[in-house]
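Structure at a glance
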Amino acid sequence: MKLKEIAHSRTGDKGEISNISLIPYQEKDYGLLKEKVTAKKVKKYFSQICHGEVTRYELEGLKSLNFVLDKTLGGGVTRSLAIDRHGKALCMALLEMEI
């Protein structure tokens, strides 16, 4: 199944760092997300654009995950040659990941 079937996402950015949240539609799916969506898997999934570390934060109170992808935005908003210089499309890309 794709992540979009059980979760939604939001993205933020600052300079060269992208911040992607992963929020299950139902709290019962939080454990599945924790098990299947690791920092290592997210790093591999974004391997063509993420040239730094990926850190996963577990927000137990919110039943959500937050991923911080370093060196991902091609130099940041003012330097990147990418069409989506803010990286806002990365949350939609993550939701296409198979688990």
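Shown above is the structure to which this text applies.
Overview of the structure. (Residues numbered from 1 in each chain as written. Predicted model: local features only at pLDDT ≥ 70, side-chain atom pairs only at ≥ 80, totals over all residues. Heavy atoms only, no water.)

1. Describing the overall build of the protein
In terms of regular secondary structure, the protein is built from three helices and four strands. From first element to last, N terminus to C terminus, the protein shows the α and β order β-β-α-α-β-β-α. Counting all 99 residues of the protein, 35% fall into the buried class. The long-range share in the protein, meaning contacts at least 24 apart out of those at least 6 apart in sequence, stands at 57%. Here the protein displays about 6,100 Å² of accessible surface, and carbon together with sulfur accounts for 54% of that area. (Helix = DSSP H or I, 4+ residues; strand = E, 2+ residues; numbered from the N terminus. Buried < 20%, exposed > 50% of the residue type's maximum accessible area, 1.4 Å probe, protein only. Contact = heavy atoms within 4.5 Å. Areas by Shrake-Rupley, 256 points an atom, 1.4 Å probe, with all protein chains shown as cover.)

2. Considerations on the sheet that holds strand E3 (residues 54-59)
Where strands meet in a sheet, backbone hydrogen bonds hold them as pairs that are either parallel or antiparallel. Taken together, the four strands give an open sheet; going across it, the order is E1-E2-E4-E3, and neighbouring strands pair in antiparallel fashion. If you trace the sheet from one side to the other, it starts and ends with strand E1 (7-14) and E3, each paired once. Averaged over all pairs of adjacent strands, the angle between their axes in this sheet comes to 20 degrees, without regard to strand direction. Alignment of strand E2 (residues 17-24) against strand E4 (residues 64-69), held across five bridges, turns out to be antiparallel. Bridge pairing links Ser 21 to Asn 66 in E4. (Pairing = 2+ DSSP bridges. Axes fitted to C-alpha atoms, helices over the stretch in contact; angles between N-to-C directions.)

3. A word on unusual backbone geometry
If you check the backbone angles, Lys 63 has positive phi at about 55 degrees while not being a glycine. In this structure, Lys 71 is a non-glycine residue whose phi angle is positive, near 55 degrees. With respect to the helices and strands, Lys 71 occurs in the loop between E4 and helix H3 (90-95).

4. Comments concerning the packing of aromatic side chains
On inspection of all chains with the given rule, the structure shows one aromatic pair. Summarising the aromatic geometry, the rings of Tyr 45 and Phe 46 are spaced 5.2 Å apart at their centres and angled 85 degrees between planes, so their arrangement reads as edge-to-face. (Phe/Tyr/Trp six-rings, centres within 6.5 Å; stacked < 30°, edge-to-face > 60°.)

5. Describing the pairing of E3
Bridging between E3 and E4 involves six bridges; their strand directions are antiparallel. Paired with Thr 55 across the two strands is Val 68, which belongs to E4. Taken together, E3 and the strand that follows it, E4, pair antiparallel across an intervening segment of four residues, in which Lys 63 is found at a positive phi of about 55 degrees.

6. Some details on the side chain of Asp 29
As for its position among the elements, Asp 29 is in the loop between E2 and helix H1 (30-36). Among the residues examined, Asp 29 registers a relative accessible area of 12% and is labelled buried. When sequence neighbours within four positions are dropped, the list of residues in contact with Asp 29 reads Ile 6 and Pro 24.

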